[in-house]
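# Geometric and topological summary
These are the residues of each chain, in order.
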Amino acid sequence: MKPIGRFSPSPTGPLHFGSLVAAVASWLDARAAGGQWHLRIEDVDATRTVPGAEDEIFRALDSLGLHWDGPIVRQTARTARYEEALASLRDRGLVYRCRCSRKEIADSGTHGIDGIVYPGTCRELALGIDVAGAERLRVDEEPIEFEDRLQGPQSQQLARDVGDFVVKRRDGLFAYQLAVVVDDADLGVTDVVRGADLLDSTPRQIALQRALGFPTPRYLHIPVVTVGGEKLSKQTLAPAIDASLATKWIARALAFLGQEVPDDGENPARLLDAAVHRYDATRIPRTRAVDLPRD
Ligand code: GLU
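All values derive from a computational prediction rather than experimental measurement.

This brings us to the overall build of the protein. The helix and strand inventory of the protein stands at 9 helices and 15 strands. Scaling as 2.2 N^0.38, a compact globule of 295 residues should have a C-alpha radius of gyration of about 19 Å, and the protein matches this with 20 Å. Reported as C-alpha extents along the three principal axes, the dimensions of the protein are approximately 65 × 40 × 35 Å. Looking at the protein residue by residue over its 295 residues, the buried ones come to 51%.

Right, dumping it as structure tokens:
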């Protein structure tokens, strides 16, 4: 079976080196095995969308020679699918309504792997959906284990490390965790290749896949690009990829990923084509972050 991969940027700003590395890695991983590569705009948190950012991302990918298959998927167009998934969880008593405020949770919870562990205050209250609040998935003590293709064996106990987590927010928006699971399943994604900042989210996604009867894809979490210890992002004012220097940027991304950089002239598509034939996932640095010197 040919792999199906995807690149799923949030439209919070133009493509920068950190997101380019994720795009190149997922593209190489899918194409090297003759697979498909899809583009999904992760705009589920519409409050973070920056107008014009997605067009900048499309243009940059296009000029870099990173061409995607099929139509672009946009999360804001998929609310009905998320609603269906939530209804299926609700019908089976796997989610519950939670009316706790952020402050209440902060005051009563303990620190876990990704913020405060929800203490389960509303778990047994059987609050109706007419009560203002969020929807949380019930998690248990059974450890969730998986083998990351790069980072090796992983294990998390959701009850201890995360607690019952939000699948639909109090403001009515679906949580990233639910959206990404439904989206990957609908696209038939077999290989998720993305930044290691999401490694700790993966067990939550696996719990949702199991609850919804979806297959679990393989995962490969690549190191995050940091500068001075901080993740490169719009917040750290990462410069946008300048498409006129496409070949230079692709070469830098390949080098970051430990790949051989082919000496293939000035055309980014030719460089990628040469790189795809030499792609070796085992050469990607086996670490959660790689710090770059400041330019
Ligand atoms: N939208 C996320 C980001 O831009 C990526 C999510 C994923 O690949 O699962 O960091």
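What follows is about the nonpolar core. Membership of the largest hydrophobic core comes to 45 residues, with the highest contact counts inside it found for Leu20 and Leu66. If you list the elements that add at least two residues to this core, you get helix H1 (17–31), strand E2 (36–41), helix H2 (53–64), strand E12 (218–222), strand E13 (224–227), helix H8 (246–256) and helix H9 (268–278). A total of 10 residues in this core trace back to one element, the largest contributor, which is H1. Dropping the residues within four chain positions of it, Leu66 is found in contact with Leu20, Ala23, Val24, Trp27, Trp37, Leu61 and Leu272. Among the nonpolar cores identified, the runner-up in size contains 32 residues, and Val44, Leu137, Val139 and Phe174 belong to it.

A separate point is the site of the ligand. In the vicinity of the ligand, the residues found are Arg6, Ser8, Pro9, Ser10, Glu42, Tyr176, Val180, Arg194 and Leu198. Note that a nitrogen atom of the ligand is positioned 2.8 Å from one of the backbone N or O atoms of Ser8. At 2.8 Å, a side-chain N or O of Tyr176 approaches an oxygen atom of the ligand. A total of 300 Å² of accessible area belongs to the ligand in isolation, and the protein chains cover 78% of it. Taken together, the residues that form the shell around the ligand break down as 4 nonpolar, 2 polar and 3 charged.

With that out of the way, let us pick up the sheet that holds E13. Read from one edge of the open sheet, 3 strands run E14-E13-E15, paired in mixed fashion. Looking along the sheet, the strands with just one partner apiece sit at the ends: strand E14 (230–231) and strand E15 (289–292). Where E13 meets E14, 2 bridges bridge the pair, whose relative direction is antiparallel. For Val227, the partnering residue across the bridge sits in E14 and is Glu230.

Applying the stated criterion across every chain, the model contains 0 disulfides. Its sulfur unpaired, Cys98 is 3.9 Å from the next cysteine sulfur, which belongs to Cys100. Cysteine Cys100 is unpaired, with the sulfur of Cys122 as its nearest cysteine sulfur at 3.7 Å. Residue classification places Cys100 among the buried positions, given a relative accessible area of 11%.

Rules and cut-offs
Residues numbered from 1 in each chain as written. Predicted model: local features only at pLDDT ≥ 70, side-chain atom pairs only at ≥ 80, totals over all residues. Heavy atoms only, no water. Helix = DSSP H or I, 4+ residues; strand = E, 2+ residues; numbered from the N terminus. Rg over C-alpha atoms; globule rule 2.2 N^0.38 Å. Buried < 20%, exposed > 50% of the residue type's maximum accessible area, 1.4 Å probe, protein only. Core = buried A, V, L, I, M, F, W, Y, C linked by side-chain atoms within 4.5 Å. Contact = heavy atoms within 4.5 Å. Near = heavy atom within 4 Å. Polar contact = N/O pair within 3.5 Å; in protein donor to acceptor, adjacent residues only side chain to side chain. Areas by Shrake-Rupley, 256 points an atom, 1.4 Å probe, with all protein chains shown as cover. Nonpolar A, V, L, I, M, F, W, Y, C, P; charged D, E, K, R; others polar. Pairing = 2+ DSSP bridges. Disulfide = S-S within 2.5 Å.

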